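Notes for the structure review
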Amino acid sequence: MGDKGSENLIELDTGESIWESFFTVFPLVVIGTREADGSDDLAPKHLAMPMSWKNHFGFVCTPRHNTYQNIQRDGEFSVTYMRPSQTVLASLAATPRCDDGSKPVTQALPTFAAEKVNASLVQDGYLFLECELQQIVDDLGDNSLIMGRIIAARVAEDALRSSELDDEDLIYASPLLAYLYPGRFTEIANTNKLPFPAGFKR
Ligand SMILES: Cc1cc2nc3c(=O)[nH]c(=O)nc-3n(C[C@H](O)[C@H](O)[C@H](O)COP(=O)(O)O)c2cc1C
């Protein structure tokens, strides 16, 4: 009886990255920073989430990316939460750099300026965060965790929860984008209320 549930399990090699062997669910955000030459940088990230119940946000990035270097230099960044209709835009922001280190695709993306940090946000996203760098944790394999304090936040009107509109109807009208790593995505429109245990408190 004790062994039930551990049948049919495949042992994964933890000497290699395990995350390509199955699917898991992530958001897809675009991080905005300022390049050393003053131009915009935008890059998609899926390893991204709040870092506390308060207003902290973090994402995983490799120090090789300009995003990391720009944040290390300037101490600030923006975050745009993308909608399902923007999947191609988000992906385009990962276009490899030219030999001279430039990334012209960034100039082609529709953006507007953040208000409290020196970076751009992607038009038509649904949640826009402006963050000042709090801490970088290096040496997570090839990656680092970049954590910021959210100093400004704006949400699109159609994505704002309200007592007048049922949450189910809100998400149906303004669906969410889920990145299913590695390499698939879906639009989430149909959702159910989570059955919390009686008396549950956060
Ligand atoms: C869908 C998608 C998700 C990505 N998620 C991440 C991520 O979570 N962390 C990361 O370091 N790179 C991620 N990348 C790769 C970078 O965004 C990409 O290499 C980018 O071009 C780096 O740009 P930069 O040099 O301007 O920072 C992702 C790419 C795609 C297409």
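Since we're looking at a predicted model, the values are computed, not measured. (Residues numbered from 1 in each chain as written. Predicted model: local features only at pLDDT ≥ 70, side-chain atom pairs only at ≥ 80, totals over all residues.)

**Thoughts on the overall build of the protein**
If you tally the helices and strands in the protein, you get 4 helices and 12 strands. The principal-axis extent of the C-alpha atoms belonging to the protein is close to 65 × 50 × 30 Å. When burial is assessed residue by residue, the protein has 26% of its 202 residues classed as buried. Restricting the contact set of the protein to residue pairs at least 6 apart, pairs at least 24 apart contribute 59%. (Helix = DSSP H or I, 4+ residues; strand = E, 2+ residues; numbered from the N terminus. Buried ≥ 20, exposed ≤ 12 C-beta atoms within 10 Å, placed from the backbone. Contact = placed C-beta atoms within 7 Å.)

**Observations concerning helix α1 (residues 66–74)**
Restricting attention to buried positions, one finds in α1 the residues Thr67, Tyr68, Asn70 and Ile71. For α1, the buried positions fall inside an angular range of 165° around the axis, keeping them on one side. Summarising the contacts, the buried residues of α1 are in contact with β2 (29–34), β3 (40–45), β5 (56–61), β6 (76–81), β9 (127–140) and β10 (143–155). At the C-terminal side of α1, glycine 75 shows a positive phi close to 70°. (Arc of directions from axis to C-beta.)

**Some details on the sheet that holds strand β12 (residues 184–188)**
Through backbone hydrogen bonds, the strands of a sheet pair up, either in parallel or in antiparallel fashion. One open sheet holds the 3 strands; their spatial order is β1-β11-β12, and the pairing between them is antiparallel. Only two strands of the sheet have a single neighbouring strand rather than two, namely β1 (24–26) and β12. Neighbour-to-neighbour, the strand axes of the sheet open up by a mean angle of 35°, direction not taken into account. (Pairing = 2+ DSSP bridges. Axes fitted to C-alpha atoms, helices over the stretch in contact; angles between N-to-C directions.)

**What to know about the sheet that holds β6**
Taking strand neighbours across the sheet as the criterion, the 7 strands line up as β3-β2-β6-β9-β10-β5-β4 in an open arrangement whose pairing is antiparallel. Two strands lie at the open edges of the sheet, namely β3 and β4 (48–50), each paired on one side alone. If you compare each strand with its neighbour and ignore which way they point, the axes differ by 30° on average. As judged from the 6 bridges shared by β6 and β9, these two strands associate in the antiparallel manner. Of the residues in β9, the one forming a bridge with phenylalanine 77 is cysteine 131. Sitting on the sheet, α1 touches β2, β3, β5, β6, β9 and β10, and the angle it makes with β2 is about 50°.

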